[in-house]
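Structural characterization, general
What follows is each chain in one-letter form.
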Amino acid sequence: MNKVIIPNGANAVVAEYKEQLIPEYSGNPFIEALPPVYSKEEVVEKLSLYPRYNPEERRLDDHYRIHMVQRLFQCFQPLSIHFDLESRISRVIRQGYLARNPFKPSYAESLQDGYKAIQSMKWELSSNASFRTTASGFTIIGVSGMGKTTAINRVLSLYPQIIVHSEYNNTNFSMYQLVWLKLDCPFDGSLKGLCIEFFHKVDDLLGTDYHKKFGVGRNTVDTMLSVMSQIARNTALGVLVIDEIQHLSSTKSGGDEKMLNFFVTLVNTIGVPTVLIGTTKALSVLQSEFRQARRGSGQGDMIWERLSKDKSWELIINAFWDYQWTKKEVPLTPELSDVLYEESHYRHCGKTLCDVTNTGYSFRERGYHSKSD
C-alpha cells in the first residue's frame, strides 16, 4: 500500500479498492478499501512472530545469553482463540460499515450534518432517524496476564489504522477513514477521562484539535459523548476497542446505570462496533442493559480462560523449544513439558513462554541445571 503522512498526524495508507466476493460488501468504499478477508492459513502467517535465533549463540558467555532470552517477549504463536478473535474483528468492522456507505443519501446526509455540528459546536445526542445502525459489539473477559491485550493488538495490526480516500469510481471522495481506535480506561476511573482520551488519540492520529475544543473546560460527559458521536461519523470509525474497563469506577462515573447507558449509547448512537476488554472485575459493568444491547450482535462474548494442557500447549511448547540458550541443547520430554506447564500455570503467565523460561527454582529442585548453564 502507498503510505502518506497526515499533517500533524500519523502515517496512513492511500485507499486501494478491491473487488468483493460477498455481494453486500460491494459498492462501499469503506469496506472495499480494507484488507481482504483472510483465510486461516493467511492469519497464521500474518499473526506469527518468531525472533531470530542462531545455535552458535549458545557458546556465548551467560551475561550475553540472559539478554537473548528477552527476545522471547517478541514471540507470538497463534492459537485457536486468536483465529476466533481475528474472525470476530473482521466481521464486526465490515458489518458496522454496511449501514454507513458514504454514497447512500441517508448516511451522506448524516456525515454532512455531523460536520456542520462540529464546526458550529451545536449538536444533540440522537441518531439520525433515517439511519439504521448495523453496529454490534462483544466483550473479552479473562484474568490478568492471559494475553488479551497482546492478542487484540496483533489482530488490529492486520488493518491500516488510517485510510486516505480521494476518488472512488471516478467520483471525488475526500475523506480520512479511521479503521480502528483503541483506548485504555484511565486509572482515575472516570467516564470523562475516557472521553478525553478519545479526543487525544484522534488528534494524534488525524492532526485535529478536538481536545483543545471539547476536552477542556466544564463540558459534561453527555456533551463529550455527543461530540464523540459526531467525530466517529466524520472519521468513519470502523471499530472502537476499550481496554482495561475494570478501571472504570461507578462512583466517579455517576453510578452503574450511567456507566451502562454510556456503553449502550456508544453502540446505538455512534453506530460503531465497540469491543470491551477487561478482567473478571469488570463483570459488574457488563450486566443487564449492555448485555441486552449486545444480544442481537450474533458475535457472542469471549471468555479468555487459562491455557489448558492440550494441543494448544503442545503447539506453543514445540514452537518455542528451539529457542535454547543453554550451553547444552536439551530435547523436549513429557516431564519437561509438565514442569513448564506447572510453573506457567502457577505464575498465571499465559502471554508467551518467555516468563516460563525465566523460571529456575523448580527446575533446580528436580535436578536440572540453572538457566545460566
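Structure's up top.
Below is a summary of the structure that appears in this document. (Residues numbered from 1 in each chain as written. Predicted model: local features only at pLDDT ≥ 70, side-chain atom pairs only at ≥ 80, totals over all residues. Heavy atoms only, no water.)

Another aspect to go through is the overall build of the protein chain. Tallying secondary structure elements over the protein chain gives 15 helices and nine strands in all. By sequence separation, contacts in the protein chain at least 24 residues apart represent 77% of the contacts at least 6 residues apart. Taken as a whole, the protein chain presents about 18,600 Å² of accessible surface, with 50% of it coming from carbon and sulfur. (Helix = DSSP H or I, 4+ residues; strand = E, 2+ residues; numbered from the N terminus. Contact = heavy atoms within 4.5 Å. Areas by Shrake-Rupley, 256 points an atom, 1.4 Å probe, with all protein chains shown as cover.)

The sheet contact formed by strand S1 (residues 3–5) and strand S2 (residues 11–14) spans three bridges and is antiparallel. In the strand pairing of S2, Ile-5 is matched with Asn-11. (Pairing = 2+ DSSP bridges.)

So, on to the sheet that holds strand S4 (residues 162–168). Taking strand neighbours across the sheet as the criterion, the four strands line up as S1-S2-S4-S5 in an open arrangement whose pairing is mixed. Looking at the sheet topology across the chains shown, the edges are occupied by S1 and strand S5 (171–178). On average, adjacent strands in this sheet sit at an angle of 30° to one another, irrespective of strand direction. Here S2 pairs with S4 via two bridges, running parallel. Note on S4: the bridge partner recorded for Val-14 is Val-164. (Axes fitted to C-alpha atoms, helices over the stretch in contact; angles between N-to-C directions.)

Here we take up the packing of helix H7 (residues 191–206) against helix H9 (residues 221–234). At a minimum axis separation of 10 Å, H7 and H9 run at an interaxial angle of 30°. Regarding the angle of H7 to H9, the classification is roughly parallel. You can see that H7 and H9 cross each other, and the crossing is left-handed. Only Val-221, Met-224, Val-227, Met-228 and Ile-231 of H9 make contact with H7, whose side of the interface consists of Leu-191, Lys-192, Cys-195, Ile-196, Phe-198, Phe-199 and Val-202. (Parallel < 35°, antiparallel > 145°, perpendicular 65-115°, else oblique. Left-handed = near helix turned anticlockwise from the far one by under 90°.)

Moving on to the pattern of salt bridges. Applying the stated criterion to the full structure yields 10 salt bridges. Here Arg-52 makes a salt bridge to Glu-57, at a shortest N to O gap of 3.1 Å. Connected via shared salt-bridge partners are Arg-52, Glu-57 and Arg-71. (Salt bridge = Lys/Arg side-chain N within 4 Å of Asp/Glu carboxyl O.)

In this section: the pairing of strand S7 (residues 239–243). Along S7, five of the five residues are buried, which leaves the element largely enclosed by surrounding structure. Of the two faces of S7, the one lined by Val-239, Val-241 and Asp-243 and the one lined by Leu-240 and Ile-242 are each fully buried. With five bridges connecting them, strand S6 (residues 180–184) and S7 associate as parallel partners. When the sheet's bridge partners are listed, Lys-182 is paired in S7 with Val-241. One ladder, built from three bridges, connects S7 with strand S8 (residues 274–278); its direction is parallel. (Buried < 20%, exposed > 50% of the residue type's maximum accessible area, 1.4 Å probe, protein only.)

Next up on the list: the environment of Leu-34. When you line up the elements, Leu-34 lands in the loop between helix H1 (29–32) and helix H2 (40–47). Overall, Leu-34 belongs to the buried group, its relative accessible area being 0%. What Leu-34 contacts, discounting residues up to four positions off in sequence, is Lys-18, Ile-93, Arg-94, Tyr-97, Tyr-159, Ile-163, Gln-177 and Val-179.

A few words on the sheet that holds strand S3 (residues 138–142). The five strands are arranged S6-S7-S8-S3-S9 in an open sheet whose pairing can be described as parallel. Two strands in the sheet have a free side with no partner beyond their single neighbour: S6 and strand S9 (302–304). Each strand axis lies, on average, 15° off the axis of its neighbour in the sheet, ignoring direction. Relative to S8, S3 is paired through four bridges, and the arrangement is parallel. Across the sheet, residue Thr-139 finds its bridge partner in S8, namely Leu-276. Docked against the sheet, helix H4 (residues 80–98) engages S3, S7, S8 and S9, running at close to 150° with respect to S9. In the packing of helix H6 (residues 148–156) onto the sheet, the strands contacted are S3, S6, S7, S8 and S9, and the crossing angle to S6 comes to about 160°.

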